[in-house]
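Residue-level structure breakdown
Listed here are the chains, written in short residue letters.
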Amino acid sequence: MGITKDEGDFLPASSTSAKARKASKKSKGKGPSTLLSTQPAAASSGDHEMGDNMDFERYPLDDRTPAAKKAAASALKRGVVDAAEASAAMDEDGEGDDDEDDDSVMIDPSSLSRPEPVTRIQISSLPGADALSFPAVNFVATSGLTQRRKVAIPPHRMTPLKRDWIKIYSPLVEECGLQVRMNVKRRWVEMKTSKHTPSASSLTRASDFLGAYALGFTAEDAIALLRLEELYVESFEVKDVKTLHGDHLSRAIGRIAGHEGKTRFVIENASRTRIVLADTKIHILGTFSNIKIARDAICALILGSPPGKIYAGLRQVASRSRERF
């Protein structure tokens with residue numbers, strides 16, 4: 001559709017408001033209309049007469065004819081329908097294939113034969129079984145070289161070690177079959193295996209026994225590591241639970257020990273453990289579950305709980321353990 005000067009001024013596509021239409025009406029009859037930058041302008045100022053007689057047309061975005069638009073719409077609609085039909089056909093074919101696959105997988109149980117029983121053949125009856133026979137396992141034969149171990153003894157435990165040397169030396173030689181000697185100059189105990197050593201773990205258990213004695217446990221308590229299984233030694237410090245200094249640290253250690261060691265004895269008897277207080281370090285000897293009971297009670301005392309509250313909790317623990325046994 002062409003718009004000329006006689007018909008009216010050309011309006012841009014965005015000028016659809018009432019204000020724009022009003023400004024357009026006022027500009028009528030006041031002179032030649034001004035072309036917008038979207039329309040082809042005249043080559044020079046002398047060509048205004050030619051521009052007044054020319055018709056300017058705005059090209060639409062879709063320049064196809066109505067017939068072409070109608071044909072494209074019908075083709076699109078036909079394509080959507082074809083796609084839907086193809087999808088439905090594929091679904092039907094897939095279901096059919098699944099049914100056929102299921103039919104092919106089904107097996108007639110009557111055609112199956114019963115499995116034959118498995119017969120076990122001894123290795124000794126096989127040819128060449130002599131090469132598979134091995135002698136009985138012996139610790140001395142498998143150890144190869146003699147094993148040695150050294151356990152360091154703190155200076156403050158050398159005097160008790162000399163006093164209790166018979167109690168320590170006897171079980172190591174008689175029960176573990178080890179050769180033991182005390183090196184006074186270098187302050188350690190040396191051990192090595194022999195042909196009388198019954199098992200490979202004897203040297204490790206003997207090291208744990210001497211290590212517990214070096215921490216401060218008595219020989220009677222530490223010897224349990226040689227004769228009982230599942231016994232451990234756990235060590236921690238007061239600062240691992242709570243950072244204390246000066247008098248606060250001294251009071252925490254006093255709460256753990258109690259008057260003349262009463263609190264420590266109560267914890268040991270209730271949890272069936274042994275406790276050593278070495279300044280700010282605490283060592284507990286016992287099984288895993290019993291160590292946990294004693295450790296919880298000691299941590300509560302370090303954090304400031306009164307001993308009476310700890311006694312009540314230990315009394316409940318002792319009653320439950322008696323009922324269990």
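What this report covers is the structure whose coordinates are included nearby. Worth saying up front: this structure is predicted, and the values here are computed from it rather than measured. (Residues numbered from 1 in each chain as written. Predicted model: local features only at pLDDT ≥ 70, side-chain atom pairs only at ≥ 80, totals over all residues. Heavy atoms only, no water.)

With that settled, the discussion passes to the packing of aromatic side chains. Per the stated rule, a full pass over the model turns up 1 aromatic pair. Each ring, one from Trp165 and one from Tyr169, has its centre 5.8 Å from the other, and the planes form 40 degrees; the classification is tilted. Of this pair, Trp165 and Tyr169 both sit in helix H6 (residues 165-174), 4 residues apart, which is roughly one turn of the helix. For Trp165, a relative accessible area of 17% corresponds to the buried category. On the basis of relative accessibility, which here comes to 32%, the residue Tyr169 falls in the partly exposed class. Over the ring of Tyr213 we find Arg157, and its NZ or CZ is 4.5 Å from the ring centre. (Phe/Tyr/Trp six-rings, centres within 6.5 Å; stacked < 30°, edge-to-face > 60°. Helix = DSSP H or I, 4+ residues; strand = E, 2+ residues; numbered from the N terminus. Buried < 20%, exposed > 50% of the residue type's maximum accessible area, 1.4 Å probe, protein only. Lys NZ or Arg CZ within 6 Å of the ring centre and 35° of its normal.)

Another point: the sheet that holds strand S6 (residues 281-286). Pairing within the open sheet is antiparallel, and its 3 strands lie in the order S4-S6-S5. The sheet is open, and its two edges are formed by strand S4 (232-237) and strand S5 (274-278), each paired on a single side. Strand-to-strand, the axes of this sheet are offset by a mean angle of 15 degrees, without reference to chain direction. Relative to S6, S4 runs antiparallel, the two sharing 6 bridges. Bridge pairing in S6 places Ser235 opposite His283. (Pairing = 2+ DSSP bridges. Axes fitted to C-alpha atoms, helices over the stretch in contact; angles between N-to-C directions.)

With 28 residues, the main nonpolar core has Leu161, Ile168, Leu172, Val189, Met191, Phe209 and Leu210 as its most contacted residues. At the level of secondary structure, the elements contributing two or more residues to this core comprise helix H5 (158-163), H6, strand S3 (188-192), helix H7 (202-215), helix H8 (219-222) and helix H9 (224-227). If you tally residues by element for this core, the top one is H7, at 7 residues. Setting aside residues no more than four positions away along its own chain, Leu172 makes contact with Gly177, Leu178, Val180, Met191, Ala206, Phe209, Leu210 and Leu226. The next biggest cluster of nonpolar side chains, apart from the first, holds 20 residues, and it includes Val238, Leu249, Ala297 and Leu314. (Core = buried A, V, L, I, M, F, W, Y, C linked by side-chain atoms within 4.5 Å. Contact = heavy atoms within 4.5 Å.)

Let's shift gears to the packing of helix H12 (residues 262-271) against helix H13 (residues 288-303). In the contact formed by H12 and H13, the axes pass within 9 Å of each other and the chain directions differ by 150 degrees. Relative to H13, the element H12 lies roughly antiparallel. In the packing of H12 onto H13, the handedness of the crossing is right-handed. Here Thr263, Ile267 and Ser271 of H12 come into contact with H13, specifically with Asn290, Ile293, Ala294, Ala297, Ile298 and Leu301. The residue inventory of the contact of H12 with H13, partitioned by class, reads 6 nonpolar, 3 polar and no charged. (Parallel < 35°, antiparallel > 145°, perpendicular 65-115°, else oblique. Left-handed = near helix turned anticlockwise from the far one by under 90°. Nonpolar A, V, L, I, M, F, W, Y, C, P; charged D, E, K, R; others polar.)

Sheet architecture is open: 3 strands sit in the order S1-S3-S2, paired in antiparallel fashion. The open sheet has two edge strands, strand S1 (148-152) and strand S2 (179-183), and neither has a second partner. With strand direction ignored, the average angle separating the axes of adjacent strands in the sheet is 20 degrees. Sheet topology places S1 next to S3; 5 bridges connect them, and they run antiparallel. Looking at S3, one finds that Arg149 is bridged to Met191.

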